[in-house]
Amino acid sequence: MAVIKTNNEIIWKRRTTKKQLAIWLAWLVGISIVLFAWSIISERTVWFFVQDAPRQAADIGGRMVPPKWSYISKLITPVWDTINIATLGTVIAMIIAVPVAFCAARNTTPHSTVRVVALFIIVSSRSVNSLIWALMLVFILGPGVLAGTIAIGLRSIGFCAKLIYESIEEIDENQVEAIKATGASNLQRMTYGILPQVLPTIAGVGIYRWDINIRESTILGLVGAGGIGLQLSASINTLAWTQVSTILLVILVTVFISEWVSAKVRGAII
Amino acid sequence: MLKLENLTKRYNTGDLALQGVDLEIPDGQVLALIGPSGAGKSTLIRCVNRLVEPTDGSATLNDENLTKLSSRALRRARRRMGMIFQEYALVERLTVMENVLSGRLGYVGFWRSYFRKFPKDDVREAFRLLDRVGLLEMADKRADELSGGQRQRVGICRALIQNPDLLLVDEPTASLDPKTSRQIMRLINELCAERGLTAIINIHDVLLAQMFSQRIVGLALGKIVYDGSPEGLTPEVLTQIYGEEDWSATIEKVDDEDEDD
Amino acid sequence: MGKPENISTYPEIWNKPPFITNSTLRWGIIVGAVIYLIAALASMDINPQRIVEGIPRGQRFIASFFPPNFADNRGVVWDGILESIWMAIISTVVGIALSVPIGLGAARNLAPFWVYITCRSIIAGSRTFPEIILAIFAVKLFGFGPFAGFIALSLGTIGFFAKLLAEDIENSSEAQAEAVKTTGANWFQWINYSIQPQVMPRMIGLSVYRLDINFRESAVVGIVGGGGIGATLNTAFSRYEFDTAAAILVVIIVIVMVLEYASSFLRKWVQ
Ligand SMILES: Nc1ncnc2c1ncn2[C@@H]1O[C@H](COP(=O)(O)OP(=O)(O)OP(=O)(O)O)[C@@H](O)[C@H]1O
Ligand SMILES: [Mg+2]
């Protein structure tokens, strides 16, 4: 904001001239980057396919209806597997994420080297998508639900630990100090002073991640790591479109139910 | 007996909060520490139980030099010093009972405390203290469901269940209304008398300080500028501690009319 | 915890009141959870023998990641990374541009009912299906390559961004909005002066966050043919060039770290 006084007038402008220039420059750079990115992408696009897409979409859409309802009976086990992958994966992740978070938080870390290691664990786990984790684990463990569960677990550690350690850093230090003043040991300070303050966050993060993991575990089957994605990719590869639409509907319903459940549980806990 | 010798604290930021404080407090004395904001009152009592590490000098409690203790011995020494905080500093999401019992943490092993299996004597004592401060019914309430005055009473129980020799009290009434303030101060005073406790009470309210303590120490810019009886607080002395002001209304003796809950 | 009969004797035992007070419900939940865990673990089909056999294989597999090989396929890796970055940028920009009208429409305090319902269904649809599923269909429709990935990521951005925008608008201060309305401002002026200043700082932070997500997701849409570094990564895996795969993963991690740092910096700068 700037007020400029000239000879006999006062001019109000939102920004100073210099700042305005800087902002315009930023816009210019931003727009050029976007245009450049677009030119690269469009260079690598076969526009014939894109023009053909509406017709293709109509065609596939037409083949998808009506969904093959009888196929649902074959989907019960895959859905059960999908839910298990998400739930057990979340449980594994939380068991590891809580100690990692305590090591990563500035006010609870035992040592600064430990903190760096913990932060590194968090970033690596977050950066690698669960599908890539699954891809690697299928090489090690062979295809199946176990690979999917561990993949979901590995991916979720970083996410959960990050949210938890941020909330640990925001706790009220007075409460911890009061516990310290009674002569409590470090572990007691942790369980009496810090844990009660972050427990709601820990519970909330676990539920939130479980909800996300239900979605993520629906696709792990694409690389053979179990769950309903297996049926999805098989149906797409064999062009069984009525099965595909059935699977998509089942996924839709599962996700809605999981969202409803997590909202209910969160409401009850917090 | 608590003895402070040349106690000095310089914070990392460079603030010299305490400049060589010498103070001797005999057993059973209740001492009020007054002084303007930033004078170093909190720093002084925190240097005693080493929530703040003093830079120089020593604090000696019953012939034990607190400033030299290893961390294990320090924990042991902290059990003998109860602390009461301005903002209560209760663990808000724990129940009243857990907050009171947390005063015993220094005496109880980790797993016992983790599973809330405190010794019978501790539990009985906790109930007795809660009854004493009139909160027996509240034992299972969560601390954040209490009012300010009730929270401070829980804070007092937490300090007393430590069975301390010394009470460190940092502005116990700063967040309370005038009537509750008096009740809390009276409670602290009575409990000290019952148990023959030594106490240092930081307080902003000069009137309350005069009413409830046997000795007053005035601190300004990290130095002791007054040490004497409550009656000796003349306008001149207050000016020396706090600076120029019209003090007539502050120290006018008001009758301590006895109000109860 | 009952009140003691005789006030002079106090109870010696105290138990923390349970979190769920109804004991039938409490035990029901505990037993249910245990049964579920057992059933789930049983259906996991963990074969100890296979795991034991898998250990040396796993060790060999992990060993083959080291040292990460940045040299051999440098051109391809570099190209994939750049393509991912361009995809992430363009899909974030397009996704957000589409999210703004949808987000405004999905805010209950701004939009008429039928607009609200329409926008909410678009959001729900795009949120339900992971980017990968969107990408599979995009590849079917638009052919292999970054364009399909771009479409999938843009759709994913809508579900994320429009939802948060709508929620933010719904939570914004009623008083400020009314104050501007009473000046006689028209709808666009009203949005510009009362809603925008309230939601803008958080939205800027969120767009960088979404850029971060889109970059990471671009590493997987390639697996189903949506272009970007994911395609390169998938090729490396299928050719058993694990050291190259390791190099790609390292690059991804570094870029995510940089983005994270940039977003925290930008958030500070905006506020
Ligand atoms: N943690 C800290 N880090 C740096 N300086 C501090 C810290 N705590 C206190 N100080 C400084 O030390 C001086 C004394 O502070 P202290 O809190 O002891 O004052 P006080 O007398 O308790 O004031 P008040 O009545 O406001 O509570 C102040 O100048 C303050 O700025
Ligand atoms: Mg203070």
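Small disclaimer: the values here were computed from a predicted structure and weren't measured.

Reading the values: the criteria
- Residues numbered from 1 in each chain as written.
- Chains lettered and ligands numbered in written order.
- Predicted model: local features only at pLDDT ≥ 70, side-chain atom pairs only at ≥ 80, totals over all residues.
- Heavy atoms only, no water.
- Near = heavy atom within 4 Å.
- Polar contact = N/O pair within 3.5 Å; in protein donor to acceptor, adjacent residues only side chain to side chain.
- Helix = DSSP H or I, 4+ residues; strand = E, 2+ residues; numbered from the N terminus.
- Domains from an automatic or database assignment.
- Contact = heavy atoms within 4.5 Å.
- Buried area = accessible area lost by both parts, 1.4 Å probe.
- Salt bridge = Lys/Arg side-chain N within 4 Å of Asp/Glu carboxyl O.
- Nonpolar A, V, L, I, M, F, W, Y, C, P; charged D, E, K, R; others polar.
- Buried < 20%, exposed > 50% of the residue type's maximum accessible area, 1.4 Å probe, protein only.
- Pairing = 2+ DSSP bridges.
- Phe/Tyr/Trp six-rings, centres within 6.5 Å; stacked < 30°, edge-to-face > 60°.
- Lys NZ or Arg CZ within 6 Å of the ring centre and 35° of its normal.

So, about the site of ligand 1. Residue and element names in this part refer to chain B. Around ligand 1 there are 14 residues in total, and Ser-37, Gly-38, Lys-41, Ser-42 and Thr-43 lie nearest to it. A distance of 3.3 Å separates a nitrogen atom of ligand 1 from a polar atom in the side chain of Tyr-11. Between His-204 and ligand 1, the recorded distance is 2.9 Å, taken from a side-chain N or O atom to an oxygen atom. No other element matches helix α1 (residues 41-48), which puts 3 residues into the shell around ligand 1.

As assigned here, chain C comprises domain 1 (11-39) and domain 2 (78-270). Put simply, the middle of domain 1 of chain C and the middle of domain 2 of chain C, counted by C-alpha atoms, are 42 Å apart.

Moving on to the interface of chain B and chain C. Every contact between the two is made by 16 residues of chain B and, on the other side, 12 residues of chain C. In terms of surface lost to chain C, no three residues of chain B exceed B:Arg124, B:Phe127 and B:Asp140, which account for 35% of the buried area on that side. At the junction of chain B with chain C, the criterion picks out 2 salt bridges. Between chain B and chain C we count 5 residue pairs in polar contact (both at pLDDT 80 or more) in total. Every element with two or more residues in the side of chain B that touches chain C is listed here: α3 (96-101) and α5 (120-132) of chain B.

Attention shifts here to the interface of chain C and chain A. With 58 residues of chain C at the contact, the number on the chain A side is 60 residues. Carbon and sulfur atoms make up 76% of the area that chain C and chain A hide from each other, which totals about 5200 Å². The three residues of chain C that bury the most area against chain A are C:Met44, C:Trp86 and C:Leu141, which together make up 12% of that side's buried surface. Considered class by class, the residues forming the side of chain C that touches chain A number 42 nonpolar, 6 polar and 10 charged.

All names here are of chain B. Across all of its chains, the model carries 28 salt bridges over all chains by this definition. Among the ionic pairs, Arg-151 bridges to Glu-92, the shortest N-O distance being 3.3 Å. With Arg-151 in helix α6 (residues 148-160) and Glu-92 in the loop between β6 (81-84) and α3, this pair connects stretches of sequence that are 59 residues apart. What makes Glu-92 partly exposed here is its relative accessible area of 32%. We note a salt bridge from Arg-142 to Asp-144, for which the minimum N-O separation is 3.0 Å. A relative accessible area of 28% means that Arg-142 is categorised as partly exposed.

Residues and elements named next belong to chain B. Ordered by their spatial adjacency, 4 strands build an open sheet running β2-β1-β4-β5, and the pairing between neighbours is antiparallel. Of all the strands in the sheet, the pair left with one neighbour each is β2 (16-25) and β5 (64-65). Pairing between strand β1 (residues 2-10) and β2: 6 bridges, direction antiparallel. Opposite Lys-3, over in β2, you have Glu-24 as the bridge partner.

This paragraph deals with the domain arrangement of chain A. Annotation of chain A at the domain level lists domain 1 (2-46) and domain 2 (69-269). Put simply, the middle of domain 1 of chain A and the middle of domain 2 of chain A, counted by C-alpha atoms, are 41 Å apart.

Its place among the elements puts C:Phe19 in the segment before α1 (23-43). Each C-alpha atom of the pair C:Phe19 and C:Ser99 lies 41 Å from the other, and the pair is 80 residues apart in sequence. What C:Phe19 contacts, discounting residues up to four positions off in sequence, is A:Ala268 and A:Ile269.

A full pass over the atoms with the stated rule returns 20 aromatic pairs over all chains. Here the aromatic rings of C:Phe147 and C:Phe150 are separated by 5.6 Å at their centres, their planes lie at 65 degrees, and the arrangement is edge-to-face. Note that C:Phe147 and C:Phe150 are positioned in helix α6 (residues 146-171) at a spacing of 3 residues, about one turn of the helix. Accessibility classification places C:Phe147 together with C:Phe150 in one group, the buried group. Three or more aromatic residues joined by ring pairs form one cluster here, namely A:Trp38, C:Phe142, C:Phe147 and C:Phe150. Above the ring of A:Phe159, the side-chain terminus of A:Arg209 is found at 4.7 Å from the ring centroid. Lying across the ring of A:Tyr192, B:Arg116 places its NZ or CZ 4.4 Å from the centre.

What follows concerns the side chain of B:Ser181. Residues and elements named next belong to chain B. Take Ser-181: it is sitting in helix α7 (residues 178-195). Of the residues examined, Ser-181 reaches a relative accessible area of 5% and is grouped as buried. What Ser-181 contacts, discounting residues up to four positions off in sequence, is Thr-173, Leu-176 and Leu-208.

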